[in-house]
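In case you want the letters, here they are:
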Amino acid sequence: MLATVAVTITLAARSVLAASASAPYFGKVFHGHRTSADSSSEGNIYPIKDCSAFIQDTPDSWSCHNTSVIRDECCFENYGVLLQSQFWDYNTTLLSIAVNGTTKDIVQAEAQSQIDLLYNDIKRTFTIHGLWNDLCDGSYRSNCEPSWEVDDARDNLTHLIGTEFNEPQLLAVMKRYWINTLKSNVEDQASVALWEHEYNKHGTCMNTLNPECFDSGYREHEQAVNFYKKVVEIWSQLDTFQFLAAVGIFPTVARQYKLSDVQNALSKAHGGEVYVGCLNGAIDEVWYYHNLQGNVLSGTYRAIDSLTNSTCGEKVWYIPK
Ligand SMILES: *[C@@H]1O[C@H](CO)[C@@H](O)[C@H](O)[C@H]1NC(C)=O
Ligand SMILES: *[C@@H]1O[C@H](CO)[C@@H](O)[C@H](O)[C@H]1NC(C)=O
Ligand SMILES: *[C@@H]1O[C@H](CO)[C@@H](O)[C@H](O)[C@H]1NC(C)=O
Ligand SMILES: *[C@@H]1O[C@H](CO)[C@@H](O)[C@H](O)[C@H]1NC(C)=O
Ligand SMILES: *[C@@H]1O[C@H](CO)[C@@H](O)[C@H](O)[C@H]1NC(C)=O
């Protein structure tokens with residue numbers, strides 16, 4: 001009986017999810033997928049100097065593909081591997097139930113979590129961790145430019161983004177989908193602490209965010225606000241939940257999945273192998289790798305294979321949030 005109820009709810013939930021339309025966002029489709037392996041900032045405006053002459057005149061202008069030293073502060077990222085990282089902040093109690101619960105516990109938890117999935121889109125969303133630029137060998141540097149850093153206590157990030165730079169929609173998306181989790185290793189649990197940390201650690205290492213690269217009239221912290229906008233944009237094209245749902249992989253306490261099935265679904269959607277991270281055998285993070293042509297804000301991102309091996313076993317849990 002319980003099992004039948006759970007299956008019915010699960011099927012109902014999935015047909016509703018499949019029917020739900022995507023809402024437009026940033027001139028693109030929010031939570032829609034990207035159909036090709038390439039992405040550009042078409043539709044979003046970034047106040048950045050034009051790189052088209054550089055791209056035209058430079059035969060190997062893709063990051064990590066140059067055959068000679070390229071020194072163009074604004075149109076070429078020296079640390080040319082761009083990773084968009086996402087959290088899957090699963091419910092650890094549900095993992096315990098999945099692993100150690102009785103059949104009755106599992107069926108009940110499954111039914112409840114399928115209902116929760118329907119009513120709260122956070123439970124169907126891999127949230128934003130950040131956008132990182134690694135060196136071409138996969139190593140990275142951090143906190144590269146102290147003078148660019150933001151400090152919420154001094155700069156009031158919500159005011160900076162929402163009011164000073166007049167990006168209320170960006171701020172709203174960040175508040176909802178760029179949330180701090182225990183996994184982020186940022187002591188302060190407020191989401192602004194994660195935003196501050198991510199930009200200071202990684203954004204300040206992006207040479208194409210140099211103030212000189214902005215159109216005339218650069219304002220202090222303009223690169224921080226535009227970094228946030230770009231992170232949200234790239235993330236909004238990489239809807240991991242939908243990529244997995246498309247092949248019938250949904251969060252559940254009732255079974256494990258093969259890691260290779262998860263990886264195949266993600267690499268098919270992305271165009272390159274995707275890093276899948278696990279915590280205690282359950283998926284908790286994914287990273288999408290890219291190379292870049294042009295400026296990190298206005299340039300074109302091209303999917304590449306992950307440079308990091310998965311931390312999961314052959315079978316993984318995909319536990320509801
Ligand atoms: C590519 O350009 C970067 C940045 O100038 C430089 O560090 C690197 O050595 C170049 N790669 C090659 C193969 O010359
Ligand atoms: C995690 O799942 C348990 C069991 O269903 C539930 O009681 C608890 O409220 C959930 N925790 C969160 C943070 O949603
Ligand atoms: C399942 O139970 C075992 C034995 O009590 C325990 O060591 C393990 O941590 C539990 N697993 C989870 C995910 O709670
Ligand atoms: C930061 O800015 C927001 C939005 O303008 C405002 O509501 C808040 O009070 C400010 N916080 C501080 C500490 O000034
Ligand atoms: C990933 O795993 C493969 C095969 O086990 C190994 O050859 C490679 O060195 C590993 N890569 C990294 C970055 O650890």
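Note that the structure is predicted; figures quoted are calculated from it, not measured.

Colleague: Account for the overall build of the protein chain, naming residues and giving values.
Modeller: Looking only at helices and strands, the protein chain has 11 helices and 10 strands in total. The buried share of the protein chain, taken over its 321 residues, is 44%. Within the protein chain, counting contacts between residues at least 6 apart in sequence, those at least 24 apart form 73% of the total.

Colleague: Give a detailed account of helix H11 (residues 259-270), specifying residues and quantitative values.
Modeller: Under the 1.5 Å per step criterion, the end-to-end length of H11 is 16 Å for 12 residues, consistent within 8% with the ideal 16 Å. Looking only at H11, the buried set comprises Val262, Ala265, Leu266, Ala269 and His270. Here the buried residues of H11 occupy an arc of 120 degrees about the axis, which is enough to place them on one side. For H11, the exposed residues set more than 90 degrees away from the buried face come down to Ser260 and Lys268.

Colleague: Describe the pairing of strand E7 (residues 275-279), listing the residues and the values that go with them.
Modeller: Pairing between E7 and strand E8 (residues 282-293): 5 bridges, direction antiparallel. Within E8, the position partnered with Gly277 by the bridge is Glu285. Linkage of E7 to E8, two consecutive antiparallel strands, is achieved through a turn of 2 residues, within which Asn280 is found at a positive phi near 55 degrees.

Colleague: Now, about the site of ligand 4: what can you tell me, with residues and values included?
Modeller: Around ligand 4 sit Asn156, Thr158, His159 and Thr163, and those are all the residues in its vicinity. Here the shell around ligand 4 is composed, by residue class, of no nonpolar, 4 polar and no charged.

Colleague: Would you mind going over the environment of Val286 in detail, with residue names and values included?
Modeller: The residue Val286 is located in strand E8 in this model. In the structure, Val286 is positioned 46 residues away from Thr240 in sequence and 8.3 Å away in space, judged by C-alpha atoms. Not counting residues up to four positions away in its chain, the partners in contact with Val286 are Gln86, Phe126, Thr240, Leu266, Val274, Tyr275, Val276 and Gly277.

Colleague: Kindly report on the pairing of strand E4 (residues 81-87), identifying the contributing residues and their values.
Modeller: With 7 of 7 residues buried, E4 lies mostly within the body of the structure. By the alternation rule, side chains of E4 split into Val81, Leu83, Ser85 and Phe87 and Leu82, Gln84 and Gln86, which are all buried. The sheet contact formed by E4 and strand E5 (residues 127-134) spans 7 bridges and is antiparallel. Bridged to Gln84 within E5 is Leu131. Relative to E8, E4 runs antiparallel, the two sharing 6 bridges. Looking at the pairing, Gln84 lines up with Tyr288 of E8.

Colleague: Give a detailed account of unusual backbone geometry, specifying residues and quantitative values.
Modeller: In this model, Asn156 sits at a positive phi of 45 degrees, which is unusual for a non-glycine residue. As for its position among the elements, Asn156 is in the loop between helix H5 (152-155) and helix H6 (157-164).

Each value, and the rule that gives it
Residues numbered from 1 in each chain as written. Chains lettered and ligands numbered in written order. Predicted model: local features only at pLDDT ≥ 70, side-chain atom pairs only at ≥ 80, totals over all residues. Helix = DSSP H or I, 4+ residues; strand = E, 2+ residues; numbered from the N terminus. Buried ≥ 20, exposed ≤ 12 C-beta atoms within 10 Å, placed from the backbone. Contact = placed C-beta atoms within 7 Å. Expected span 1.5 Å × (residues − 1). Arc of directions from axis to C-beta. Pairing = 2+ DSSP bridges. Near = placed C-beta within 6 Å. Nonpolar A, V, L, I, M, F, W, Y, C, P; charged D, E, K, R; others polar.

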